[in-house]
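Observations on chain architecture
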Number of protein chains: 2
Amino acid sequence: MKEIYSKVREEISIYNLKEYEGKEVIIRGSVHKIREMSSFRFIILRTKEGLIQCVEETDISIVKEGEWIKITGILVKEGEWIKITGILVKEEKQELGYELKVKNIEIVSKPKEQMPIIINKKELNLNLVSKLDNRIVALRHPKEMAIFKLQEGIIRGFKEFMNNAGFTEIKSPKLVSGSAEGGADVFKINYFEKEVVLAQSPQFYKEIMVGVYERVFEVGAVYRAEKHDTSRHINEYISLDAEMGFIESFEEIMEIEVALLKYIMNFLEENYKNELKLLEITLPQITTIPAYKFSEIKEIVSREYNRPIKDFEDLEPEEEKLIYKYVKEKYGSEFVFVTHYPTTKRPFYAMESKENRNETESFDLLFRGIEITTGGQRIHDYDMLEEKMRKRGMNVEGFESFMALHKYGVPPHGGLGMGLERLLAKLVGLENVKEASLFPRDRNRVRP
Amino acid sequence: MKEIYSKVREEISIYNLKEYEGKEVIIRGSVHKIREMSSFRFIILRTKEGLIQCVEETDISIVKEGEWIKITGILVKEGEWIKITGILVKEEKQELGYELKVKNIEIVSKPKEQMPIIINKKELNLNLVSKLDNRIVALRHPKEMAIFKLQEGIIRGFKEFMNNAGFTEIKSPKLVSGSAEGGADVFKINYFEKEVVLAQSPQFYKEIMVGVYERVFEVGAVYRAEKHDTSRHINEYISLDAEMGFIESFEEIMEIEVALLKYIMNFLEENYKNELKLLEITLPQITTIPAYKFSEIKEIVSREYNRPIKDFEDLEPEEEKLIYKYVKEKYGSEFVFVTHYPTTKRPFYAMESKENRNETESFDLLFRGIEITTGGQRIHDYDMLEEKMRKRGMNVEGFESFMALHKYGVPPHGGLGMGLERLLAKLVGLENVKEASLFPRDRNRVRP
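Residues numbered from 1 in each chain as written. Chains lettered and ligands numbered in written order. Predicted model: local features only at pLDDT ≥ 70, side-chain atom pairs only at ≥ 80, totals over all residues. Heavy atoms only, no water.

**Remarks on the overall build of chain A**
A tally of helices and strands in chain A yields twelve helices and 17 strands. Counting every position in chain A, which comprises 448 residues, the buried fraction comes to 61%. Contacts in chain A between residues at least 24 apart in sequence constitute 64% of all its contacts with a sequence separation of at least 6. Surface accessibility of chain A: about 18400 Å² in total, with carbon and sulfur atoms responsible for 46%. One way to put it: in chain A the 69 positive side-chain charges average out to a point 5 Å from where the 76 negative ones average out. (Helix = DSSP H or I, 4+ residues; strand = E, 2+ residues; numbered from the N terminus. Buried < 20%, exposed > 50% of the residue type's maximum accessible area, 1.4 Å probe, protein only. Contact = heavy atoms within 4.5 Å. Areas by Shrake-Rupley, 256 points an atom, 1.4 Å probe, with all protein chains shown as cover. Lys, Arg positive; Asp, Glu negative; His and termini not counted. Charge placed at Lys NZ, Arg CZ, Asp CG, Glu CD.)

**Here we look at the sheet that holds strand β16 (residues 370–378) of chain A**
Sheet architecture is open: nine strands sit in the order β7(A)-β11(A)-β12(A)-β17(A)-β16(A)-β15(A)-β14(A)-β13(A)-β1(B), paired in mixed fashion. Sheet topology places β7 (168–169) of chain A together with β1 (2–4) of chain B at the edges, where each strand pairs with a single neighbour. In this structure, β16(A) lies alongside strand β17 (residues 413–419) of chain A, joined through six bridges in antiparallel fashion. The residue bridging Thr374(A) from the neighbouring strand is Gly417(A), located in β17(A). Running over the sheet, helix α9 (residues 317–331) of chain A touches β13 (289–293), β14 (335–339), β15 (362–367) and β16 of chain A and is turned about 130 degrees from β13(A). (Pairing = 2+ DSSP bridges. Axes fitted to C-alpha atoms, helices over the stretch in contact; angles between N-to-C directions.)

**Here we look at the interface of chain B and chain A**
In this assembly, 124 residues from chain B lie in contact with 124 residues from chain A. Buried area between chain B and chain A, both sides added, is near 11000 Å², and the carbon and sulfur share of it is 59%. Our enumeration of links across chain B and chain A arrives at 16 salt bridges. Residues Arg447(B) and Glu400(A) are paired through a salt bridge, measuring 3.3 Å at the closest nitrogen-oxygen approach. Connecting chain B to chain A are 66 residue pairs in polar contact (both at pLDDT 80 or more). By residue number, the principal contributor to the side of chain B that touches chain A is helix α4 (residues 142–164) of chain B, which donates eleven residues. Class assignment for the residues of the side of chain B that touches chain A results in 62 nonpolar, 20 polar and 42 charged. (Buried area = accessible area lost by both parts, 1.4 Å probe. Salt bridge = Lys/Arg side-chain N within 4 Å of Asp/Glu carboxyl O. Polar contact = N/O pair within 3.5 Å; in protein donor to acceptor, adjacent residues only side chain to side chain. Nonpolar A, V, L, I, M, F, W, Y, C, P; charged D, E, K, R; others polar.)

**A short note on helix α11 (residues 400–407) of chain B**
Among the eight residues that make up α11(B), six are buried, leaving the element largely enclosed by the rest of the structure. Elements that come into contact with the buried residues of α11(B) comprise α3 (135–138) of chain A together with α5 (203–213) and α10 (382–391) of chain B.

**A look at the packing of helix α4 (residues 142–164) of chain A against helix α12 (residues 420–428) of chain A**
Residue and element names in this part refer to chain A. One can describe the packing of α4 onto α12 by two numbers: an axis separation of 10 Å at closest approach and a directional angle of 125 degrees. The pairing of α4 with α12 is recorded here as oblique in orientation. The two elements α4 and α12 meet at a crossing, and its hand is right-handed. Of α12, the residues touching α4 (which contributes Ile-147, Phe-148, Leu-150, Gln-151, Ile-154 and Ile-155) are Leu-420, Leu-423, Leu-424, Leu-427 and Val-428. Taken together, the residues of the contact of α4 with α12 sort by class into ten nonpolar, one polar and no charged. (Parallel < 35°, antiparallel > 145°, perpendicular 65-115°, else oblique. Left-handed = near helix turned anticlockwise from the far one by under 90°.)

**Quick notes on helix α10 (residues 382–391) of chain A**
All names here are of chain A. Listed as buried for α10 are Tyr-382, Leu-385, Lys-388 and Met-389. Down the axis of α10, the buried side of the element spans an arc of 135 degrees, and every buried residue falls inside it. Residues of α10 that are exposed and point over 90 degrees away from its buried face: Arg-390 and Lys-391. Remark: Gly-393 follows α10 within two positions and exhibits a positive phi of approximately 75 degrees. (Arc of directions from axis to C-beta.)

**Re the packing of aromatic side chains**
Evaluated as defined, the whole model comprises 38 aromatic pairs over all chains. Taking NZ or CZ as reference, Lys149(A) lies 5.6 Å from the ring centre of Tyr213(B), over its face. The residue whose ring lies beneath Arg346(A) is Tyr341(A), and the NZ or CZ to ring-centre distance is 4.3 Å. (Phe/Tyr/Trp six-rings, centres within 6.5 Å; stacked < 30°, edge-to-face > 60°. Lys NZ or Arg CZ within 6 Å of the ring centre and 35° of its normal.)

**Examining the sheet that holds strand β6 (residues 98–109) of chain A**
All names here are of chain A. The strand order β2-β3-β4-β6-β5 describes a closed barrel built from five strands, whose pairing is mixed. Averaged over all pairs of adjacent strands, the angle between their axes in this sheet comes to 55 degrees, without regard to strand direction. Pairing of strand β4 (residues 51–57) with β6 involves two bridges; the strand directions are parallel. Looking at β6, one finds that Val-55 is bridged to Lys-101.

**Focus: the relation of the copies chain B and chain A**
Note on the copies: chain B fits chain A at an RMSD of 0.0 Å, the axial shift is 0.0 Å, and the rotation between them is 180 degrees. The superposition of one copy onto the other is thereby described by a two-fold rotation axis. Using C-alpha coordinates, one finds that chain B approaches the rotation axis most closely at Ile189(B), a distance of 2.3 Å. Both copies contact each other with a shared surface, as 100% of the interface residues of chain B are interface residues in chain A too. (Least-squares fit on C-alpha atoms with pLDDT ≥ 70 in both.)

**As for the domain arrangement of chain A**
In terms of domains, chain A is made up of domain 1 (18–109) and domain 2 (142–167 + 240–436). Using C-alpha coordinates to define each centre, domain 1 of chain A is positioned 48 Å away from domain 2 of chain A. (Domains from an automatic or database assignment.)

**So, the environment of Phe42(A)**
Residue and element names in this part refer to chain A. Here Phe-42 shows up in strand β3 (residues 40–46). Between the alpha carbons of Phe-42 and Lys-77 there is a distance of 12 Å; along the sequence they are 35 residues apart. The contacts of Phe-42, once residues within four sequence positions are left out, are Lys-33, Ile-34, Arg-35, Met-37, Gln-53, Cys-54, Val-55 and Glu-99.

**Considerations on the pattern of salt bridges**
Taken as a whole and judged by the stated rule, the model has 90 salt bridges over all chains. Put simply, Arg307(A) and Glu318(A) hold a salt bridge, and the shortest N to O gap is 3.2 Å. On the criterion of sequence distance, the pair formed by Arg307(A) in the loop between α8 (294–304) and α9 and Glu318(A) in helix α9 is long-range, its members being eleven residues apart. Classification of Arg307(A) as buried rests on a relative accessible area of 9%. Measuring nitrogen to oxygen at the nearest pair gives 3.0 Å for the salt bridge that ties Arg232(B) to Glu320(B). Here Arg232(B) is found in the loop between β11 (215–223) and β12 (236–245), whereas its partner Glu320(B) is found in helix α9 (residues 317–331), with 88 residues between them in sequence. Glu320(B) carries the same exposure label as Arg232(B), and that label is buried. Through salt bridges with shared partners, one network takes in Arg9(A), Glu11(A), Arg28(A), Lys48(A), Glu214(B), Arg215(B) and Glu252(B).

**Details of unusual backbone geometry**
Most of the time, phi is negative for any residue but glycine, and the peptide bond is trans. Residue Pro448(A) is reached from Arg447(A) by a cis peptide bond, and omega for that bond is -10 degrees. One can find Pro448(A) in the segment after α12. Although it is not a glycine, Glu214(A) adopts a positive phi angle of roughly 70 degrees. Here Glu214(A) lies in the loop between α5 (203–213) and β11 (215–223). Phi at Arg368(B) takes a positive value of approximately 50 degrees, unusual for a residue other than glycine. Here Arg368(B) shows up in the loop between β15 (362–367) and β16 (370–378).

And the structure:
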């Protein structure tokens, strides 16, 4: 028997070096780049937070590769994983304000082969296919690292906001017996003797849980078997979902989204400074967000840009871009709500407007020209729901649990679902949403 | 155009009523129970946090059902969703220390039918099947609500610990091209023209990301197509996963797990007091956790309880219970590590012990007699990995990305995966792990 104690190895943050000035420290990482000078060499170490310059001095005036071994006793190569012991010294030319004077190096892991791509230049400079084919190592580029730190930041900001606002985190199943969105775009699974599909959204489960905790949220995967391969779609994505009871109108959900986005931007500003700086990101300033009725903004864009309306039931991607242009110029806002979508284009559970049953109490939020959120009020009355399903020719069977929820009662409620990858892509300025997913899935890509 | 402002409706916490004493407040919830007395009635309101007693007084000395309408103007029934306006008054007999004197009631949603189960008694008192069949409303029982608040608490504690310890949160895909654990228990998906399976663990992705952020974690679903239906298994569960680079031995991972569990227990103690109290839970006290080698503890249990060893390669469920009994009696610990599992029983990527290649540098953690964590050091050397795969008759093809990771180098690393539902079940004292999942999936159950 052995007793195991509680212990977490403490590590120095390269963004907090001041207190270690002049002290001996150990820093771990991968050899990102080596630059040999006349009487010293630089080892740029890629730590888990980013790059730090380490300097190894020598008194040998002419140095050939391999000669360094005489100083530390160790010859290091790019791509190796090492532990450097050294003294932290002030160096104003360095972004961190410090560099590490090497005293000793220990190699803990050596690659078998050189990487197939170059990750130690300022930019990765790969086309989309190469970037994704070489994802395993491409993600080691400091800018890629920064992008997915921001992904973490958005998730953390979202959760912290939700927890503070009295929302309870839930975990809903992704193996479900029916399709929430009513579409055909579902992936089927061979589940023992049953037909099961992958959840297209946590909608039903959020609504069930509104009957339990009133305010709930979930960060989870959703699956859409969409066949088209565009810069706006991936087949597995992360949805930031929330649902709330006792709302008086769907505008409450929009108000919450404004508060949420402000919170997330502040959270990133405070906790992800270095990543924002490296990626040269200016976060959008949010005070209020303008909202237009669907029919209204369609007409404005048509008039303003002299463009005939083709699709009266949905926004075309080009229209989304023009709406962005229009609102940006007119109000300086990078975000815009589009409300009252046609009933025909929304799922059966969407609440219709009392004034006009062809419109729904729903909204989309566009950010820099792309829809990042869909939300709205849902029907909570059993009879209303049943009538709407009947009108649509839907079979109530197959929706037993959902119907039961409404039969036994649920408060008026609404919510939203925000696509994590789209928000991240637009924030960073990535052209394709796939670049904002660690390991994107599309029709042709399921690796790595 | 309309401007949408940032706003979140503030709500009173029923656990923080002191500042509202004597004031008029609005409280929302569902009518949990009505008790009619001679000159007043109680409405027990089930809010999103739990129950609060509301009192409606009358000067009518004999009251029949329906008479209350004369006081507030409103007749309420159990199961309805209402908004109560009232004055908060001190009431020492109440657990909360306060009750609400009703001034006005607004009904916002009425059920169409009465619930098929009784949720307003102290205990739910349903067998497992009824409890799960009626999940939608059974979850509204205050004790069920408390159980899944603790689930949230474990997730929050886990994340906070990981963030503090310098781990980066990742989101890995669940649609994958191969099986990480090498078993046959995978769910297959019809993914366009490809064969794709649901991830059995995020193992490969965690290892890839160790090459990026050194320390990573994920809270995500994992899928096991196990045919057996036991009290210990569900087919979709939430895994709390972590992986860490630059470890010197697998004991570092165990040390982190001790620190992690302490943190989670403290987090629950601080933030989920009311739930712990309602469920009468005594959290396990953790100082250190004893660890035994697999072969050692097998022998001890066999000797101590006079039980012949049947399976030399794995622990039987009965043995896990006896190990718990033994360690509890001897050291007072509710947790115990079992280390050095046989190589034959661990996945191909498990690091073998230098001293004995039939054993792995791995561990399980048992809590109250059930395995809740599997962890260990992984092989980081390409040649070692290739040799082991060859010996096992595995085809390196199909593992291209994983092999590439090792080819281009990764630091020594290890990690763990903890089953959320098992930890929660044992913490609460639930007999079946299905009770610790909001919407459990087993061979026969995919609803609700």
